[in-house]
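Observations on the model geometry
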Amino acid sequence: MLGGIYFLARTIDKTRAKLQGTLGPYKIQPGISGYLFEWLGITEEQFDAAVRDASCDDDVVQWVHAHTDAAKYAGLNEMLINRGLIDPERRKTFLAAYPILIDRPNLTNWFEIFEIDDKWMYEPENRGKPGAAPPVSR
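Residues numbered from 1 in each chain as written. Predicted model: local features only at pLDDT ≥ 70, side-chain atom pairs only at ≥ 80, totals over all residues. Heavy atoms only, no water.

1. Considerations on the packing of helix α1 (residues 8-20) against helix α4 (residues 57-67)
Formally: Axis geometry follows a simple rule: fit a line to the C-alpha atoms, using only the stretch in contact for helices, then measure angles between N-to-C directions, giving values from 0 to 180 degrees. What counts as a helix is a DSSP run of H or I of at least four residues, what counts as a strand is a run of E of at least two, and both are numbered from the N terminus. Oblique is the label for any angle not under 35 degrees, not over 145, and not in the 65 to 115 range, which are roughly parallel, roughly antiparallel and roughly perpendicular in turn. Here a crossing is called left-handed whenever its near helix is offset anticlockwise from the far helix by less than a right angle, and right-handed whenever the offset is clockwise. When checking whether two residues touch, look at their non-hydrogen atoms; a contact exists if any pair is within 4.5 Å.
It is at 11 Å that the axes of α1 and α4 come closest, and there the two elements cross at 115 degrees. It follows from the interaxial angle that α1 and α4 lie roughly perpendicular. In this structure, the crossing between α1 and α4 has a hand that is right-handed. Contact with α1, carried on its side by L8, I12 and R16, involves D57, V60, V61 and V64 of α4 and no other residues of that element.

2. Some details on α4
Working note: α-helix, 3.6 residues per turn, so residues spaced by three or four point in the same direction. Spelled out, the test is: For every residue, the accessible area (1.4 Å probe, protein chains only) is compared with the maximum for its type, and the residue is labelled buried under 20%, exposed over 50%, or partly exposed between those bounds. Here the arc refers to the set of directions running from the helix axis out to each C-beta atom.
Those residues of α4 not exposed but buried are V60, V61, W63 and V64. For α4, the angular spread of the buried residues around the axis is 160 degrees, confining them to a single face. Of the exposed residues in α4, the ones pointing more than 90 degrees away from its buried face are Q62 and A66.

3. With respect to the packing of aromatic side chains
Heads up, the condition is: Pairing of aromatic side chains requires ring centres within 6.5 Å, counting the rings of Phe and Tyr and the six-membered ring of Trp. Pairs whose planes differ by under 30 degrees are stacked, by over 60 edge-to-face, and all others tilted.
All told, the structure shown has nine aromatic pairs when counted by the stated rule. Taking the centre distance of 5.7 Å and the plane angle of 45 degrees together, the rings of F7 and F114 count as tilted. You can see F7 sitting in the segment before α1 and its partner F114 sitting in helix α8 (residues 110-122), a full 107 residues away along the chain. Aromatic pair Y98 and F114: ring centres 6.0 Å apart, planes at 50 degrees, arrangement tilted. Linking Y98 in the loop between α6 (88-94) and α7 (100-103) with F114 in helix α8, this pair joins segments that are 16 residues apart in sequence. Each member of the pair, Y98 as well as F114, carries the same accessibility label: buried. Connected via pairs of aromatic rings, a cluster forms that spans Y6, F7, F94, Y98, W110, F111 and F114.

4. Quick word on the nonpolar core
As a reminder of what qualifies: By nonpolar core is meant a set of buried Ala, Val, Leu, Ile, Met, Phe, Trp, Tyr and Cys residues that side-chain atoms within 4.5 Å join together.
Ranked by internal contacts, the top residues of the largest apolar core, which has 33 residues, are I5, L8, L36, L40, F47, V64 and W110. Contributions of two or more residues to this core are made by α1, α2 (32-40), α3 (44-53), α4, α5 (73-82) and α8. Here L8 is in contact with L2, L36, F47, V61 and V64, once residues within four sequence places are set aside. The next biggest cluster of nonpolar side chains, apart from the first, holds five residues, and it includes I100, M121, A132 and A133.

This is the structure in structure tokens:
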């Protein structure tokens, strides 16, 4: 949580990566960041500009607070922490993107899925597997 909003820090990080051309296998929309923008009533383009102009996370937080309704944060946070992948048919559509779900059928909460998947996709033993991050070129 950053600035009283779940997923804001991750969305800032992903946006910075997008702006630098280093987003890799991650995406901004569709997904949780898209829900965040929609709920707060801002666009991805507006958020991109705020991140581009910011010198640190606190600058982005200040921008978000100035351009959104703080009364919406509790509802947004409640929706985000309870958002899950429960429907078996819908779950099947995410197996290619999140192969950890094959080995971990108990995972349903998106925050848990992202946390575990982020670790899995960068573990050296998973390099080259579907869903793993591509090697970093130097």
